[in-house]
Amino acid sequence: MIDLNGMHVLVTGGSRGIGAAASRLFARAGATVLVHYRDHEEQATALVEELFAISARDHRRFPCDFMEPSEIEELFQYVSSEWGRLDCLVNNAGIWLHNPMSQFDEDRYIATMRVNVRGPFLCLRHALPLLRLSKQASVVNVSSTSGQRGEPFYSPYSASKGAIISATKAWAAELGPEIRVNCVAPGWVDTDMSSAALRDDPAVREEIESAIPLRRVARAEDVAGPIVFLASPLARHITGEILNVNGGSVLCG
Ligand SMILES: NC(=O)c1ccc[n+]([C@@H]2O[C@H](COP(=O)([O-])OP(=O)(O)OC[C@H]3O[C@@H](n4cnc5c(N)ncnc54)[C@H](OP(=O)(O)O)[C@@H]3O)[C@@H](O)[C@H]2O)c1
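Because the structure is predicted, anything quoted here is derived from the model rather than measured.

How each quantity is defined
- Residues numbered from 1 in each chain as written.
- Predicted model: local features only at pLDDT ≥ 70, side-chain atom pairs only at ≥ 80, totals over all residues.
- Heavy atoms only, no water.
- Helix = DSSP H or I, 4+ residues; strand = E, 2+ residues; numbered from the N terminus.
- Contact = heavy atoms within 4.5 Å.
- Core = buried A, V, L, I, M, F, W, Y, C linked by side-chain atoms within 4.5 Å.
- Buried < 20%, exposed > 50% of the residue type's maximum accessible area, 1.4 Å probe, protein only.
- Near = heavy atom within 4 Å.
- Polar contact = N/O pair within 3.5 Å; in protein donor to acceptor, adjacent residues only side chain to side chain.
- Areas by Shrake-Rupley, 256 points an atom, 1.4 Å probe, with all protein chains shown as cover.
- Nonpolar A, V, L, I, M, F, W, Y, C, P; charged D, E, K, R; others polar.
- Pairing = 2+ DSSP bridges.
- Right-handed = clockwise from strand over helix to strand, strands pointing away.
- Axes fitted to C-alpha atoms, helices over the stretch in contact; angles between N-to-C directions.

*Asks:* Explain the environment of His40 to me, please; I cannot follow it from the model alone.
*Replies:* Residue placement: His40 occurs in the loop between strand 2 (32-37) and helix 2 (41-54). His40 sits 23 residues away from Pro63 along the chain, and the two C-alpha atoms are 8.8 Å apart. Not counting residues within four places of it along the chain, the set of residues in contact with His40 comprises Ser15 and Arg16.

*Asks:* Quick question: what am I supposed to make of the nonpolar core here?
*Replies:* In a soluble, globular protein the nonpolar side chains are often hidden away together inside. Within the largest apolar cluster, 35 residues are counted, with the highest numbers of intra-cluster contacts made by Val9, Phe26, Cys88 and Ile227. Elements represented by at least two residues in this core include exactly strand 1 (8-11), helix 1 (17-28), strand 2, helix 2, strand 4 (88-91), strand 5 (137-142) and helix 9 (220-231). Setting aside chain neighbours within four positions, we find Cys88 in contact with Met7, His8, Val9, Leu10, Phe26, Leu131, Ser138, Val140 and Ala231. Membership of the second largest hydrophobic core comes to 31 residues, among which are Phe66, Cys123, Leu175 and Ile179.

*Asks:* For this particular structure, what's the right way to read the site of the ligand?
*Replies:* If you check the shell around the ligand, you find 32 residues, and the closest are Arg16, His40, Asn92, Tyr157 and Thr191. Within the contact set of the ligand, an oxygen atom lies 2.9 Å away from a side-chain nitrogen or oxygen of Lys161. Coverage of the ligand by the protein amounts to 97% of the 900 Å² it exposes when considered alone. Sorting the residues of the shell around the ligand by element identifies helix 1, strand 2 and helix 6 (155-175) as the ones contributing at least two each. Residue classes in the shell around the ligand are distributed as 13 nonpolar, 13 polar and six charged.

*Asks:* I would appreciate a short explanation of the pairing of strand 3 (residues 60-63) in the present structure.
*Replies:* Side chains on a regular strand alternate between the two faces of the sheet. Residue alternation in strand 3 divides its side chains into a buried set, Arg60 and Phe62, and an unburied set, Arg61 and Pro63. Relative to strand 3, strand 2 is paired through four bridges, and the arrangement is parallel. Residue pairing across strands places His36 opposite Phe62, the latter belonging to strand 3. Taken together, strand 2, helix 2 and strand 3 constitute a β-α-β crossover, and its handedness is right-handed.

*Asks:* Would you mind going over the sheet that holds strand 4 with me for this structure?
*Replies:* Within a beta sheet, neighbouring strands are joined by backbone hydrogen bonds and run either parallel or antiparallel to one another. The seven strands are arranged 3-2-1-4-5-6-7 in an open sheet whose pairing can be described as parallel. Each of the sheet's edge strands pairs with one partner strand only, and the pair in question is strand 3 and strand 7 (242-245). Here the average twist between neighbouring strands, direction ignored, is 20°. As defined by bridge partners, strand 5 adjoins strand 6 (residues 179-186) across six bridges and the pair is classed as parallel. Its bridge partner lying in strand 6, Ala137 is registered against Ile179. This element, helix 2, spans strand 2 and strand 3 of the sheet and lies at about 170° to strand 2. The strands touched by helix 3 (residues 69-82) are strand 1, strand 2, strand 3 and strand 4; relative to strand 3, the strand with the most contacts, the crossing angle is about 155°.

*Asks:* Sorry, what's going on with the environment of Asn91 here?
*Replies:* Position of Asn91 among the secondary structure elements: in strand 4. For Asn91, a relative accessible area of 3% translates into the label buried. Aside from chain neighbours lying at most four places away, what touches Asn91 is Thr12, Pro120, Cys123, Val139, Val140, Asn141 and Val142. Within polar-contact distance, the side chain of Asn91 engages the side chain of Asn141 at 3.0 Å.

It is worth stressing that arrangement in space is one thing and function is another; only the former is reported here.
Here you go:
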């Protein structure tokens, strides 16, 4: 039903977790995928092999560290030289750093802002000319419930994800009608990012799940579906939307 044949999609932070699940689903829907990664080259390489097995398209991988703006520029030079256009940018790469205000760590704050906020801004800046060459251009940002309701001891992360929600709305208003811009806001998702919190102590996990109306933490695949939907023609009249993917834990868009 979702047919993304002919679409070229860049998934940032595609090597693991939500980004890897979204990359697989994009490939299953017929898209050609560029898997961006920073450190996990082996996982990115294995994932691209998997994507080839799913569909014989021109899937690629490319490394870059969002701490370095020049590397982000190189990522998009690569997209430009290899594909010549981009149909969908998924701004998914992110970090979640503990940072209680009583021991505020400015380096962690700056890293969070560079990766989670400046990263998507620079990606979109460089992607714009390539997206403008597409007839079905869209951006899907990945925020968090943390950016909606705040998260104690992770306030820089909350602020970064709140910024992405506001930026989604601003970009949607600014870039329409050519480019749709939407956002998913996941709650707890079982990935490497959250593994220490979710897997170490079953009692903690139980407490987290008891506060979720659907009574479970999401799997990465639960978030991949909404990302691919927002990028697809089925969402062609949706822009500026914040789609909750949180089992009901935060009931606002
Ligand atoms: N997991 C959750 O509970 C949860 C909840 C709400 C929102 N989210 C959001 O969902 C997105 C994906 O999260 P996830 O759980 O899938 O995380 P994950 O498994 O930790 O994966 C993070 C991805 O981001 C990349 N990355 C990390 N630092 C980077 C940097 N400096 N420059 C470029 N790329 C970098 C990683 O690349 P390498 O592995 O190659 O280094 C990896 O591909 C994030 O934006 C996160 O904030 C997650």
